[in-house]
There are 2 protein chains.
Amino acid sequence: MSELEAKVLPEATVARLTQYLRALNALESRGLERTSSGVLAKEAGVNPAILRKDLSWLGSYGTRGVGYVVRELSEHINNTLGLNRDWRVLILGAGNLGRALSGYAGFTTRGFKVRAILDVSPELVGTEVGNLRVEPRNDLAEVVRREEINIAVLAVPGDAAQDLVYELGELDVNSVLSFAPKPLVVPRGMNLRRVDLSTELQILAYLAVQP
Amino acid sequence: MSELEAKVLPEATVARLTQYLRALNALESRGLERTSSGVLAKEAGVNPAILRKDLSWLGSYGTRGVGYVVRELSEHINNTLGLNRDWRVLILGAGNLGRALSGYAGFTTRGFKVRAILDVSPELVGTEVGNLRVEPRNDLAEVVRREEINIAVLAVPGDAAQDLVYELGELDVNSVLSFAPKPLVVPRGMNLRRVDLSTELQILAYLAVQP
DNA sequence: ACGTGTGAAACGTTTCACAGCC
DNA sequence: GGCTGTGAAACGTTTCACACGT
């Protein structure tokens, strides 16, 4: 059976599962105990067919002719996504973006805890960000160990990003979310996701020009 | 000829074109005048085949056996993406994220200019953000007209986002970049792109759990 | 000889449509 | 009757491989 156990869920499915979770929470807080692919899909902003196909990857958790039990489904997606454990986040860069991210609601919910924030600039080191104090960039290794970091967020200028990626890899931090506007070379075994704000604007510009 | 003139370039191609632009800039600043799909692809972090296929949508701008002229290609992509005009950006929400975005380098390059920033909170209205002053949310219509806004960025809590989207649609601002952690219903003709930070973290969590 | 430009194959994702079960 | 779960079709995207122009 255990061949080499490749990735199980399609990438696109994983992205949508997070949306279903949010939608299920919304339904639950509205007092609903059961739902259907139609209702849930509407809440999540997708079409019902793909929602059912996505859920079918997790096994049969619905009842034909009836639908899904909100709490049960929500629990199951949570487990599948690995959100039933603690994720300790380190933010690299205490500029505007880094500070904004450390307080961002989405970053502090569902098991994600921002545990430390680092910067190179001596002016920023020591200043307060939320309930954290900015620590020096050179303490990276020590901070990673002390706080048992498992996810890093790069909110640094493009030039600094690549070195940090390598260093994080050495320290066995293998999940990185980068806001640096550059493609990065990722060490073996690292999962890196990029959010590129200027790319998003440029795509909008293109779409706006279309007739 | 002009049927109804649908979108010309595949979505995925548009996203990569922005990366090629950045890569071309990097090559140019290194003094290179010519390049090839191999070199450029490496710089942009993609494979050469798809780069050539992407560029073929724009027409033939390379020379067989030789490659591409950096400046020429760069210019051409710029035009195709509509980056040869002015884009006047409005930021909605002057919280941490909104303030960070207004100063973010990617937001201020290549023809994009942040022209105004709005917030509902009386405490924030009147405060300075970069070289702008936060204006009251209720002045939305007036500000859009005054600054001739054509792109809006939503850095507001999820609940406020949907109303703003409708209102922006009325005001003929049809390009919106949303950071609200919710799917939004978009008015006809509007282009909306979402950046969902907590979704990104959750995807990382899932990937990290994979064996 | 070399690197582009591009059909054709391979792959991934979404939509359709309906059999199966409650 | 209604809604799930899922093969099969449709669509979109990436990769391959090579003919063609310089």
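What counts, and where the lines are drawn
Per-chain numbering applies: the sequence of each chain, read as written, is numbered from 1 onward. By the order in which they are written, chains take letters starting at A while ligands take numbers starting at 1. Restriction of local features to residues with pLDDT of at least 70 applies here, the model being predicted, together with a cutoff of 80 or more for giving and counting side-chain atom pairs; totals for whole chains, interfaces and linings are based on all residues. To get the side-chain values, all heavy atoms of the structure are used, and hydrogens and water are removed first. For helices, the fitted line uses only the C-alpha atoms of the stretch in contact; every axis is such a line through C-alpha atoms, and the angle between N-to-C directions lies from 0 to 180 degrees. The way it works is that DSSP assigns letters per residue, a run of H or I at least four long becomes a helix, a run of E at least two long becomes a strand, and they are numbered from the N terminus. Handedness of a crossing follows from how the near helix is turned relative to the far one, being left-handed for an anticlockwise turn of less than a right angle and right-handed for a clockwise one. Here a residue-residue contact requires only that any non-hydrogen atoms of the pair lie within 4.5 Å. When residues are sorted by character, Ala, Val, Leu, Ile, Met, Phe, Trp, Tyr, Cys and Pro go into the nonpolar class, Asp, Glu, Lys and Arg into the charged class, and all the rest, Gly among them, into the polar class. Strand pairing follows a simple DSSP-based rule, namely that at least 2 bridges must link the two strands. For this purpose, a residue is taken to be near a molecule or strand whenever a single non-hydrogen atom of the residue falls within 4 Å of it. We call two N or O atoms a polar contact when they sit within 3.5 Å, provided that within protein one can donate a hydrogen and the other can accept it, with sequence-adjacent residues counted only if both atoms are side-chain atoms. Here the copies are superposed with least squares, the fitted atoms being C-alpha atoms of residues at a pLDDT of at least 70 in both. UniProt positions are given in the numbering used here, feature names are shortened, and annotations may be inferred rather than shown by experiment. For every residue, the accessible area obtained with a 1.4 Å probe (protein chains only) is divided by the maximum for its type, and the residue is called buried under 20%, exposed over 50%, and partly exposed between those limits. Note that the term roughly parallel is reserved for angles under 35 degrees, roughly antiparallel for angles over 145, roughly perpendicular for angles of 65 to 115, and oblique for everything else. Joining through side-chain atoms within 4.5 Å is the link that ties buried Ala, Val, Leu, Ile, Met, Phe, Trp, Tyr and Cys residues into a set, and such a set is a nonpolar core. Reported buried area values correspond to the accessible surface (1.4 Å probe) lost by two parts on association, with both partners' losses combined. Whenever Lys or Arg places a side-chain nitrogen within 4 Å of a carboxyl oxygen from Asp or Glu, that contact is recorded as a salt bridge.

## Digging into the packing of helix H1 (residues 11-29) of chain A against helix H4 (residues 70-81) of chain A
All names here are of chain A.
- Interhelical geometry of H1 versus H4 gives an angle of 145° and a closest axis separation of 10 Å. At the point where H1 passes H4, the crossing takes the left-handed sense. Where H1 abuts H4, its residues Val14, Leu17, Thr18, Tyr20, Leu21, Leu24, Asn25 and Glu28 lie against Val70, Arg71, Leu73, Ser74, Ile77, Asn78 and Leu81.
- Here the contact of H1 with H4 is composed, by residue class, of nine nonpolar, four polar and two charged.

## Focus on the sheet that holds strand E2 (residues 62-63) of chain A
All names here are of chain A.
- Within the open sheet, the three strands sit side by side as E1-E3-E2. Their pairing is antiparallel. Of all strands in the sheet, those bounded by a partner on one side alone are strand E1 (34-35) and E2.
- Relative to strand E3 (residues 67-69), E1 is paired through two bridges, and the arrangement is antiparallel. Along E3, the bridge assignment pairs Arg34 with Val69.

## Some thoughts on the sheet that holds strand E10 (residues 175-178) of chain A
Residue and element names in this part refer to chain A.
- Reading across the sheet, the six strands line up as E8-E5-E4-E9-E10-E11 and stay open at both edges, with parallel pairing between neighbours. The sheet is open, and its two edges are formed by strand E8 (135-136) and strand E11 (191-194), each paired on a single side.
- Bridge count for E10 against E11 is four bridges, and the pairing is parallel. Each bridged residue has a counterpart across the sheet, and for Ser178 the counterpart in E11 is Arg194.

## Here's the deal with the protein's contact with DNA strand D
- Taken together, 24 residues surround DNA strand D, and among them Ser37, Arg52 and Tyr68 of chain A together with Arg16 and Asn47 of chain B come closest.
- Sugar and phosphate atoms form 58% of the subset of DNA strand D atoms that lie within 4 Å of the protein.
- Lys53 of chain A is positioned such that a nitrogen or oxygen atom in its side chain is 3.2 Å from a base nitrogen of DNA strand D.
- Of all the secondary-structure elements, those providing two or more residues to the surface near DNA strand D are helix H3 (48-56), E2 and E3 of chain A together with helix H1 (11-29) and helix H3 (48-56) of chain B.
- When grouped by side-chain class, the residues that make up the surface near DNA strand D number six nonpolar, eleven polar and seven charged.

## Things to note about the relation of the copies chain A and chain B
- The transform that puts chain A on chain B rotates by 180° and translates by 0.0 Å along the axis, for an RMSD of 0.0 Å. On the angle and the small slide along the axis, the relation comes out as a two-fold axis.

## Quick notes on the UniProt feature "binding site: NAD(+)" (unreviewed entry) in chain A
Residues and elements named next belong to chain A.
- UniProt's feature table lists "binding site: NAD(+)" (unreviewed entry) at Gly93, Ala94, Gly95, Asn96, Leu97 and Gly98, given in the numbering used throughout.
- The residue Gly95 is located in the loop between strand E4 (87-92) and helix H5 (96-103) in this model.
- Aside from chain neighbours lying at most four places away, what touches Gly95 is Asp119 and Leu124.
- With respect to the element layout, Asn96 can be found in helix H5.

## Remarks on the protein's contact with DNA strand C
- Close contacts around DNA strand C come from 23 residues, with Arg16 and Asn47 of chain A together with Ser37, Arg52 and Tyr68 of chain B the closest.
- Between DNA strand C and Arg52 of chain A, the relevant distance is 3.5 Å, taken from a base nitrogen to a side-chain nitrogen or oxygen of the residue.
- Within the side chain of Arg64 of chain A, a nitrogen or oxygen atom sits 3.4 Å from a base nitrogen of DNA strand C.
- Residue assignment for the surface near DNA strand C shows that the elements contributing at least two residues are H1 and H3 of chain A together with H3, strand E2 (62-63) and strand E3 (67-69) of chain B.
- Residues belonging to the surface near DNA strand C are distributed by class as follows: six nonpolar, ten polar and seven charged.

## What about the environment of Val129 of chain A?
All names here are of chain A.
- Residue position: Val129 is located in strand E6 (residues 128-129).
- For Val129, a relative accessible area of 5% puts it in the buried group.
- Separated by 13 residues in sequence, Val129 and Ala116 place their C-alpha atoms 9.6 Å apart.
- If near-sequence neighbours (up to four positions away) are discounted, Val129 is found in contact with Arg99, Ser102, Ile117 and Val134.

## Describing the packing of helix H2 (residues 37-44) of chain A against H3 of chain A
All names here are of chain A.
- Between H2 and H3, whose axes approach to 8 Å, the crossing angle comes to 105°. The angle between the axes of H2 and H3 places the two elements in the roughly perpendicular class. When H2 is examined against H3, the residues Ser37, Gly38, Leu40 and Ala41 are found in contact with a partner set consisting of Pro48, Leu51 and Arg52.

## Remarks on helix H8 (residues 158-170) of chain B
All names here are of chain B.
- All buried positions along H8 are accounted for by Gly158, Ala161, Gln162, Leu164, Val165, Leu168 and Gly169.
- Looking at the buried side of H8, the elements it contacts are strand E4 (87-92), helix H7 (140-147), strand E9 (151-154), strand E10 (175-178) and strand E11 (191-194).
- A positive backbone phi angle near 70° is found at Asp172, which sits one or two residues after H8.

## Overview of the environment of Val144 of chain B
All names here are of chain B.
- Within the element layout of this structure, Val144 appears in helix H7.
- Accessibility expressed as a relative area gives 6% for Val144, which makes it buried.
- Distance from Val144 to Ala15, taken between C-alpha atoms, is 27 Å for residues 129 residues apart in sequence.
- In this structure, Val144 is in contact with Leu90, Ile149, Leu171 and Val173, ignoring residues within four places of it in sequence.

## Examining the nonpolar core
- Counting 96 residues, the largest nonpolar core has Leu55, Ile77 and Leu101 of chain A together with Leu55, Ile77 and Leu101 of chain B as the members making the most contacts within it.
- Setting aside chain neighbours within four positions, we find Leu55 of chain A in contact with Leu17, Tyr20, Tyr68, Leu73 and Ile77 of chain A.

## What about the interface of chain A and chain B?
- Taken residue by residue, the interface counts 56 residues in chain A and 56 residues in chain B.
- When chain A packs against chain B, the two sides together hide about 5300 Å² of surface, and 69% of this comes from carbon and sulfur.
- Interface area lost by chain A to chain B is led by Leu201, Gln202 and Tyr206 of chain A, which between them contribute 14%.
- Along the contact surface separating chain A from chain B lie four salt bridges.
- For Arg193 of chain B, the salt bridge goes to Glu200 of chain A, with nearest N and O atoms at 2.5 Å.
- The tally of links from chain A across to chain B stands at 17 residue pairs in polar contact (both at pLDDT 80 or more).
- When residues of the side of chain A that touches chain B are traced back to their parent elements, those giving at least two are H1, H2, H4, H5, helix H6 (105-108), E10, E11 and helix H9 (197-209) of chain A.
- The element best represented in the side of chain A that touches chain B is H9 of chain A, accounting for 13 residues.

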